[in-house]
Amino acid sequence: MSIHIHYRSICEVRIDHDPSLDLGKMEFAELATDLQDLQSVDYDIHQLLEISPTAETEDLMVRQRLRLRRTPQGIALAGSAEGDMLERPTEPGMSLWLLIFPRVPAFAASANLPQDGSVEEIYHFTSRHGGLSLTGEIPVFDPAASYLAGDLVVDADPPNVLLEAVRDLTPAAVAAPADWLELPAPRFQPGADFLAGDRVLAGGSIFTARTDGAHPAPPSAQWLEVTTPDLRNGASRADRVRALKRHAKLPLVPPLPFVRFTLKDSTGAVVESGVRHCDTPGLLDSLELGLPHAPRGVYRIEVTDGSGVALPGFPQDFLVLPEISMRPLGVIELQIGPENPLLFGPGGALLAPVYQLRFRKRHSFWRYQFHGDLAALPPAVPGDPLADGPARFVTPTPLPLTRGVVALRRFGGKIPLPNPPASQVTREGGRLVSDTFIRI
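Note that the structure is a prediction, hence the values are computed from the model and not measured.

So, empty space enclosed by the protein
- Counting across every chain of the model gives two cavities of 30 Å³ or more.
- The space that makes up the largest cavity amounts to roughly 40 Å³.
- Lining the largest cavity, in full, are Ala149, Gly150, Glu164, Ala165, Val166, Leu181, His363, Ser364, Pro398 and Leu432.
- Split by residue class, the lining of the largest cavity holds six nonpolar, three polar and one charged.

Listed below in structure tokens is the structure:
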């Protein structure tokens, strides 16, 4: 007798790699439907990333009769169901853990991911944020913070533009326009002259100029509203977390005769607490943690001195990882317990949400280095790039690295300037640079 098991969708995860989907300066959401179809026709995130469940998650999926399948955009999770409910209901606190490994080294270069992380840090993308985005919100500009070229922030309250650092920056009271790119389009400037097709950001929406001229602020008849972008969505520094295995040693600065500590799980419940002294005469310079039976997940350690004052660097969040041979770029945590209101409706009915994980594109200065007969350099009118040396020219502002084309004027009115590959970017002199070599 054959047994038929019926599966229903639990959720999907769509992974957007903007360098592959955006078209030059235009984001995927701005494109007309036919252009979106064209950009998506050969899109397969699995050519860029390997996404695989941990061994514990595989065992859990077998017990719960869950299936994970690949889609061109990401992954889809289904479960054995009776009607619109799971045959084997999940338990509170259950999560699936998926490891992310780049298939090509260029992935981290083309996606706008911070490059100054510790070797112990990975990206933690989770449905625990409460919305459909698996990333935390891109942080707000902090006057006390230093930034590296490419770092993403949003401007002060209310956040109405995304900013990308043009160069390495020290703390500053305000985000100076010369130091930051305004994304996904420049903010509308009153009194400016516009050309048909120019894009501006106003009131949280992107508008395109219908005609040439000095137009009034949108919305108005001179502007076409294109889309309302999500400015806080996307992988950023906010998603990085220290990843530890079952045993860890945390430095204490300054060393002390003893410290008090409290370890909490992601719900705030206390897992362990106590006092640690130095085993030998002297001062305690590190705190050793042993978590042989702790479930996978994010924990917070609070460490104070004898008077209850927190030590520098604490509280500190970290992620307990499984014992694996290679450290992943990141992990995806899908919360599948009945407490997740996006997955289950009244009575446990499956809602099948689509989560999003977005990797935004990076911007860099495009630099052109010429070789061969250099007698004619520099030309009287070089075009968009400006002189940066005897035979080297660079764009005055960073440009997007995508599959699409950003049109530049011909160099000297004659030589076409190609766009650099999205993965071709280096850090040099506090800025990001993409080199193209041209023989003349």
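Side note on a nonpolar patch on the surface
- Taken together, Leu35, Leu38 and Val41 make up a surface patch of nonpolar side chains, about 290 Å² in accessible area.
- With respect to the element layout, Leu38 can be found in helix 2 (residues 33-40).

A word on the confidence of the model for the protein chain
- Here the protein chain averages 89 in pLDDT, and 96% of its residues register 70 or above.
- Per-element confidence in the protein chain ranges from a low mean pLDDT of 83 for helix 4 (residues 107-110) to a high of 97 for strand 22 (residues 354-359).

What to know about the side chain of Ser286
- For Ser286, the location among the structural elements is in strand 18 (residues 284-290).
- Not counting the four nearest positions on each side in its chain, Ser286 is found in contact with Lys249, Leu250, Pro251 and Leu252.

Thoughts on the sheet that holds strand 19 (residues 297-304)
- If you trace the nine strands from one edge of the open sheet to the other, you get 2-6-21-7-14-20-19-16-17, paired in mixed fashion. Each edge of the sheet is formed by a strand with only one pairing partner; in this case those strands are strand 2 (49-53) and strand 17 (270-277). For this sheet, the mean inter-axis angle between neighbouring strands, taken without regard to orientation, is 35°.
- Where strand 2 meets strand 6 (residues 95-102), five bridges bridge the pair, whose relative direction is antiparallel. Counted as the bridge partner of Glu50 is Phe101 from strand 6.
- Strands strand 2 and strand 6 of the sheet are contacted by helix 3 (residues 55-64), whose axis makes an angle of about 135° with strand 6.

Rules used throughout
- Residues numbered from 1 in each chain as written.
- Predicted model: local features only at pLDDT ≥ 70, side-chain atom pairs only at ≥ 80, totals over all residues.
- Heavy atoms only, no water.
- 1 Å grid on protein atoms, 1.4 Å probe; cavity = no way out; pocket = protein on both sides within 12 Å on 5 of 7 lines; lining within 4 Å.
- Points joined across faces, edges and corners; volume = space filled by probe spheres on them.
- Nonpolar A, V, L, I, M, F, W, Y, C, P; charged D, E, K, R; others polar.
- Patch = residues over 30% accessible without salt bridge, like charges linked within 9 Å, V, L, I, M, F, W, Y side chains within 5 Å.
- Areas by Shrake-Rupley, 256 points an atom, 1.4 Å probe, with all protein chains shown as cover.
- Salt bridge = Lys/Arg side-chain N within 4 Å of Asp/Glu carboxyl O.
- Helix = DSSP H or I, 4+ residues; strand = E, 2+ residues; numbered from the N terminus.
- pLDDT = per-residue confidence, 0-100.
- Contact = heavy atoms within 4.5 Å.
- Pairing = 2+ DSSP bridges.
- Axes fitted to C-alpha atoms, helices over the stretch in contact; angles between N-to-C directions.

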